[in-house]
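Architecture and fold: a report
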Amino acid sequence: MAPTQFGPRARTVAASALLGCAVAVIAVAVSQWLFGAGLDPRDDALRRAAGIAFTDEARSTLFSVLPVALPALAAALAPDSRPGRVIGGLTRLVYFAYLVIGVLLASSAARYGFDGARQLAEEGQVFIGTRAAVERLVLDAVWLAMAGIGLVFAGKARPRERTSTAEVVK
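Here is a short report on the structure shown in this document. Within every chain, residues take consecutive numbers counted from 1 along the sequence as written. The predicted nature of this model means local features are confined to residues of pLDDT at least 70 and side-chain atom pairs, given and counted, to a pLDDT of 80 or more, with totals for whole chains, interfaces and linings taken over all residues. Working from all heavy atoms in the structure, the side-chain values ignore hydrogens and water.

1. Some details on the overall build of the protein chain
Of regular secondary structure, the protein chain possesses seven helices and zero strands. Beginning at the N terminus, the succession of helices and strands in the protein chain can be written as α-α-α-α-α-α-α. Here the term buried applies to any residue with accessible area under 20% of the maximum for its type, exposed to any over 50%, and partly exposed to those in between, with areas from a 1.4 Å probe on protein chains only. A burial count over the protein chain gives 34% of its 170 residues as buried. Residues count as neighbours in contact if any of their non-hydrogen atoms are within 4.5 Å of one another. Across the protein chain, every contact between residues at least 6 apart in sequence was considered, and the portion connecting residues at least 24 apart equals 71%. Areas reported here follow the Shrake-Rupley algorithm with a probe of radius 1.4 Å; residue values treat only the protein chains shown as occluding. As displayed, the protein chain has an accessible area near 10,300 Å², and 66% of this comes from carbon and sulfur atoms. Secondary structure elements are taken from DSSP: a helix is a run of H or I of four residues or more, a strand is a run of E of two residues or more, and numbering for both begins at the N terminus.

Given below as structure tokens:
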């Protein structure tokens with residue numbers, strides 16, 4: 001029994017859906033980070049980025065397998081036609097947005113984690129110590145490196161079209 005071959009239209013639809021899911025996950029992470037403030041007045045973007053007991057889902061949402069793997073699958077699934085090249089370009093854009101948002105989120109978390117004096121003054125205790133901040137920063141850097149690798153491979157995944165004009169021989 002031969003494997004089922006999908007046509008270019010079905011591959012385009014599937015790749016678009018995967019890319020849309022990745023965008024949705026990234027958008028939810030940004031929303032959780034920047035707009036997910038709870039009722040506690042101490043709940044701000046730095047504390048949410050650090051993930052300390054308020055609305056701390058942004059880090060686990062952004063630094064997960066879905067926003068890193070779905071664009072790669074979309075680029076691999078996209079056909080070699082014009083819609084596939086558009087999906088490849090959108091994949092690079094999604095990875096770039098992921099990297100920018102991820103760097104901002106990781107640096108905000110590190111900033112909060114490395115400022116033990118501020119935590120002690122405002123909270124009365126240190127929630128995120130230097131060691132925990134370094135560990136989180138290393139793990140965040142690994143996720144960002146994987147997204148960077150995805151960005152590089154998404155750019156090289158599609159062969160460039162050759163022109164059909166011949167060179168003039170003198």
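2. Remarks on the packing of aromatic side chains
Aromatic rings from Phe, Tyr and Trp, taking only the six-membered ring of Trp, are treated as a pair when their centres fall within 6.5 Å; an angle between ring planes under 30 degrees marks them as stacked, one over 60 as edge-to-face, and anything in between as tilted. Per the counting criterion, the structure on display carries one aromatic pair. Summarising the aromatic geometry, the rings of F63 and Y98 are spaced 6.4 Å apart at their centres and angled 90 degrees between planes, so their arrangement reads as edge-to-face. With F63 in the loop between α3 (58-62) and α4 (65-77) and Y98 in helix α5 (residues 82-114), the pair connects residues that are 35 residues apart, well separated along the chain. Classification of F63 as buried rests on a relative accessible area of 8%. Look at Y98 and you get buried, because its relative accessible area is 0%.

3. Things to note about helix α1 (residues 8-34)
With 27 residues, α1 extends 38 Å from end C-alpha to end C-alpha; this agrees with the ideal 39 Å at 1.5 Å per step. The complete set of buried residues in α1 reads T12, A15, L19, A22, V25, I26, A29, V30 and W33. Expected span, for any helix, means 1.5 Å times one less than how many residues it has.

4. Some thoughts on the environment of P71
With respect to the secondary-structure elements, P71 resides in helix α4. The class of P71 is buried, set by a relative accessible area of 0%. Residues contacting P71, with those up to four places away along its chain left out, are L19, A22, L66, T91, V94 and Y95.

5. Focus on the environment of V23
Tracing the backbone through its elements, the reader meets V23 in helix α1. According to the relative accessible area criterion, V23 is partly exposed, its value standing at 42%.

6. Considerations on the side chain of T91
Structurally, T91 is set in helix α5. When near neighbours in sequence (up to four residues on either side) are disregarded, T91 contacts L19, P71, A75 and A154.

7. Description of the nonpolar core
Among the buried residues, those of types Ala, Val, Leu, Ile, Met, Phe, Trp, Tyr and Cys that are joined through side-chain atoms within 4.5 Å form a nonpolar core. Within the largest apolar cluster, 25 residues are counted, with the highest numbers of intra-cluster contacts made by I26, L62, F63, I87 and Y98. With eight residues, the top contributor of residues to this core is α5. The contact partners of Y98, leaving out residues within four places of it in the chain, are I26, L62, F63, P67, V68, W143, L144 and A147.

8. A word on a nonpolar patch on the surface
Put simply, a patch holds well-exposed residues, over 30% relative accessible area, that have no salt bridge, with like charges counted together within 9 Å and Val, Leu, Ile, Met, Phe, Trp or Tyr side chains within 5 Å. Salt bridge, as used here: a side-chain nitrogen of Lys or Arg that lies within 4 Å of a carboxyl oxygen of Asp or Glu. On the surface, F114, V134, L137, V138, V142 and M146 cluster together to form a nonpolar patch covering roughly 470 Å² of accessible area. Counting residues per element, the nonpolar patch draws most heavily on helix α7 (residues 130-156), at five residues. Tracing the chain through its elements places L137 in helix α7.

9. Things to note about the packing of α4 against α5
Whenever a helix is involved, its axis is fitted only over the stretch in contact; in every case the axis is a line through C-alpha atoms, and angles between N-to-C directions fall within 0 to 180 degrees. Here α4 crosses α5 at 165 degrees, and the two axes come no closer than 9 Å. It follows that α4 is roughly antiparallel to α5 by the angle criterion. The element α4 and its partner α5 pack so that their crossing is left-handed. Touching P67, V68, P71, A72, A74 and A75 of α4 are I87, T91, V94, Y95 and Y98, all from α5. Residues are sorted three ways: Asp, Glu, Lys and Arg are charged, Ala, Val, Leu, Ile, Met, Phe, Trp, Tyr, Cys and Pro are nonpolar, and all the rest, Gly among them, are polar. Class assignment of the residues belonging to the contact of α4 with α5 gives a composition of 10 nonpolar, one polar and no charged. Should an angle fall under 35 degrees it is taken as roughly parallel, and over 145 as roughly antiparallel, whereas 65 to 115 is taken as roughly perpendicular and any remaining angle as oblique. Handedness of a crossing is defined here by the sense of rotation of the near helix relative to the far one, left-handed for an anticlockwise turn of less than a right angle and right-handed for a clockwise turn.

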